[in-house]
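Inside the fold
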Amino acid sequence: MSNVTETLEGWYCLNDFRKFDWKSWKSLNDDKRQEVVKELIDLWNLWSGIQDRGEGSQALYQILGHKADILFMFLRPTLDELTQIELAFNKTKFAEYTVQTTSYVSVVELSNYLPKGEDPYAKPEIRERLYPKVPNVKYICFYPMNKLRSGSNNWYMLSTEERKSMMRSHSLIGRKYAGKVKQIISGSVGLDDYEWGVALFGEDPIQFKKLIYEMRFDEVSARFGEFGSFYVGKYLSEESFNHLLQL
């Protein structure tokens with residue numbers, strides 16, 4: 001049997017995708033719309049205080065295409081906190097004008113290839129990756145993925161040395177995009193339908209295309225990669241969120 005890769009876990013992640021009911025929204029008068037938005041903004045500011053204390057992170061995005069209109073992304077220390085966030089949102093008036101088209105639950109993950117005896121959680125660079133702040137950049141690309149378990153292309157039957165070698169080559173491609181694309185990798189085995197959720201962040205969405213396309217020529221993706229739906233969106237500040245909802 002192939003050796004199991006050890007992993008390090010950090011914050012839990014909820015990606016909550018919503019479609020907006022524009023017809024119902026247009027039926028409200030200006031005062032009612034402002035009241036609905038204010039309730040959500042007050043709740044968001046409460047969550048932002050948690051981020052300011054370094055106890056989590058979150059961001060809001062406008063999603064392009066038919067699959068969703070907005071994405072709420074939350075990072076928290078426990079699943080219970082994410083459950084309470086989702087419940088609090090669903091109790092708002094704003095939630096009545098949305099439909100959750102999909103969601104993704106995972107936990108920020110790093111593969112642990114450090115020498116035995118070292119405490120990886122004591123390393124500042126490791127903690128920064130396990131407990132990240134959502135990057136304050138213009139665009140996001142999110143997608144789930146698996147490693148194949150089919151016939152001769154079964155990632156989990158490869159030796160540890162083979163997997164390490166291929167992942168080392170794979171990571172070298174990612175390093176070429178340092179400064180252009182940031183990423184948060186989260187594990188979702190036992191938590192959601194795929195094995196990982198990948199969130200990419202950058203100022204130029206073309207870099208998402210270039211990075212993912214180049215990686216597909218690498219053996220790790222070419223032989224073993226299986227991808228779910230892709231979502232791309234634009235960061236929403238409070239001001240731009242208000243502007244989005246204006247009629």
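Residues numbered from 1 in each chain as written. Predicted model: local features only at pLDDT ≥ 70, side-chain atom pairs only at ≥ 80, totals over all residues. Heavy atoms only, no water.

What to know about the overall build of the chain
Counting secondary structure elements, the chain contains eight helices and 11 strands. Relative to a compact globule of 247 residues, whose C-alpha radius of gyration would be 18 Å, the chain shows 20 Å and is just as compact. With the C-alpha coordinates aligned to their principal axes, the bounding extent of the chain is approximately 65 × 35 × 30 Å. Sorting the 247 residues of the chain into buried and exposed places 44% on the buried side. (Helix = DSSP H or I, 4+ residues; strand = E, 2+ residues; numbered from the N terminus. Rg over C-alpha atoms; globule rule 2.2 N^0.38 Å. Buried < 20%, exposed > 50% of the residue type's maximum accessible area, 1.4 Å probe, protein only.)

Re the pairing of strand 5 (residues 139-147)
Counting buried residues along strand 5, nine of its nine residues qualify, which places the element largely inside the surrounding structure. Two strands pair when backbone bridges link them, and strand 5 and strand 9 (residues 196-202) are joined in this way by seven bridges, in the antiparallel orientation. Counted as the bridge partner of Phe142 is Ala199 from strand 9. Pairing of strand 5 with strand 10 (residues 225-227) involves three bridges; the strand directions are antiparallel. Across the sheet, Met145 pairs through a bridge with Phe227, a residue of strand 10. (Pairing = 2+ DSSP bridges.)

Some thoughts on the nonpolar core
Membership of the largest hydrophobic core comes to 25 residues, with the highest contact counts inside it found for Trp25, Trp47, Phe72, Phe74, Phe94 and Phe241. Looking at this core, the elements that each hand over two or more residues are strand 1 (7-20), helix 2 (30-52), strand 3 (70-76), helix 3 (79-90) and helix 8 (238-245). The element contributing the most residues to this core is helix 2, with eight residues. Among all residues touching Phe94, those that are not within four sequence positions of it are Phe20, Val36, Glu39, Leu40, Ile70, Phe72, Phe89, Phe241 and Leu245. (Core = buried A, V, L, I, M, F, W, Y, C linked by side-chain atoms within 4.5 Å. Contact = heavy atoms within 4.5 Å.)

Quick look at the pairing of strand 8 (residues 182-187)
Judged from the two bridges that link them, strand 4 (residues 98-111) and strand 8 form a sheet pairing that is antiparallel. Residue pairing in the sheet places Val107 in a bridge with Gly187 of strand 8.

Looking at the pattern of salt bridges
In the structure shown here, the tally under the stated rule is nine salt bridges. Between Lys93 and Glu96 there is a salt bridge whose closest N-O contact spans 3.7 Å. (Salt bridge = Lys/Arg side-chain N within 4 Å of Asp/Glu carboxyl O.)

Description of helix 2
In an α-helix, one turn spans 3.6 residues, which is why side chains three or four residues apart end up on the same side. In this model helix 2 runs 32 Å from its N-terminal to its C-terminal C-alpha over 23 residues, within 8% of the 33 Å that 1.5 Å per residue would give. Every buried residue of helix 2 is listed here: Arg33, Val36, Val37, Leu40, Ile41, Leu43, Trp44, Trp47, Ser48, Gly49, Ile50 and Gln51. Here the buried face of helix 2 lies against helix 1 (22-26), strand 2 (57-63), strand 3, helix 3 and helix 8. (Expected span 1.5 Å × (residues − 1).)

Some words on the side chain of Glu195
Within the secondary structure, Glu195 sits in the loop between strand 8 and strand 9. On the accessibility criterion, Glu195 (10% relative accessible area) is buried. Of the polar contacts made by the side chain of Glu195, one reaches the side chain of Arg149; its length is 3.0 Å. When residues no more than four places from it in sequence are discounted, the contact partners of Glu195 are Tyr104, Met145, Asn146, Lys147, Arg149, Tyr156, Ser186, Gly187, Ser188 and Val189. (Polar contact = N/O pair within 3.5 Å; in protein donor to acceptor, adjacent residues only side chain to side chain.)

Topic: helix 6 (residues 206-215)
Every buried residue of helix 6 is listed here: Gln207, Phe208, Leu211, Ile212 and Met215. Axial view of helix 6: buried residues confined to an arc of 120°, hence all on one face. For helix 6, the exposed residues lying more than 90 degrees away from the buried face are Lys209 and Tyr213. (Arc of directions from axis to C-beta.)

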